Amino acid sequence: MMGLPAGHVTDVPGLTRTAQLKALGNGVVPQQAAAALRLLAARSLDVAGVAA
């Protein structure tokens with residue numbers, strides 16, 4: 001879900017759910033920003049009449 005391999009944090013023995021979430025922190029932020037930029041770029045191309 002966050003661009004990490006399955007089990008990257010969840011397969012670590014002894015980590016509670018809270019500790020897993022804390023370890024992940026804001027790791028998704030760069031991927032969310034990239035997705036937003038792709039969406040905005042595609043929309044601006046549509047508005048400008050440019051075929052994507």
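Before going into details, it helps to say that this report is about the structure given with it. Being a predicted model, the structure only gives us computed values, none of them experimental. Residues take numbers from 1 onward in each chain, read along the sequence in its written order. With the structure being a predicted model, the display of local features is reserved for residues of pLDDT at least 70 and the display and counting of side-chain atom pairs for 80 or more, all residues being used for whole-chain, interface and lining totals. Derived side-chain values reflect all non-hydrogen atoms in the structure, with water molecules and hydrogen atoms excluded from consideration.

1. Observations regarding the overall build of the chain
Here's step 1: Labels follow the DSSP assignment, with helices taken as runs of H or I lasting at least four residues and strands as runs of E lasting at least two, numbered in each case from the N terminus. Helices and strands together make up the secondary structure of the chain, namely 2 helices and 0 strands.
Here's step 2: Each residue is assigned to one of three classes by its accessible area relative to the maximum for its type, calculated with a 1.4 Å probe on protein chains only: buried under 20%, partly exposed between the two thresholds, exposed over 50%. Taken across its 52 residues, the chain has 6% of its residues classed as buried.
Here's step 3: Methods summary: accessible areas were calculated by the Shrake-Rupley approach with a probe of 1.4 Å, and residue burial reflects only the protein chains presented. For the chain, the accessible area works out to roughly 4,300 Å², and carbon and sulfur atoms hold 64% of it.

2. Digging into the environment of Gly27
Here's step 1: Checked against the element boundaries, Gly27 lands in the loop between α1 (17-24) and α2 (29-48).
Here's step 2: Given the relative accessible area of 41%, Gly27 is considered partly exposed.
Here's step 3: Taking the C-alpha atoms as reference, Gly27 lies 9.4 Å from Leu4; in sequence the two are 23 residues apart.

3. A short note on the environment of His8
Here's step 1: Within the secondary structure, His8 sits in the segment before α1.
Here's step 2: Given the relative accessible area of 46%, His8 is considered partly exposed.
Here's step 3: Residues His8 and Gln20, 12 residues apart in the sequence, show an inter-C-alpha distance of 9.7 Å.

4. Considering the side chain of Gln20
Here's step 1: Counting through the fold element by element, Gln20 comes out in helix α1.
Here's step 2: Here Leu15 takes part through its backbone oxygen, which lies 3.5 Å from a polar atom of the side chain of Gln20.
Here's step 3: Once residues lying within four places of it in the same chain are set aside, the contact partners of Gln20 are Val9, Thr10 and Leu15. Residues adjacent in sequence count toward polar contacts only when both atoms are side-chain atoms; beyond that, a polar contact is any pair of N or O atoms within 3.5 Å, and within protein one must be able to donate a hydrogen and the other to accept it. Two residues qualify as a contact provided that any one of their heavy atoms is within 4.5 Å of a heavy atom in the partner residue.

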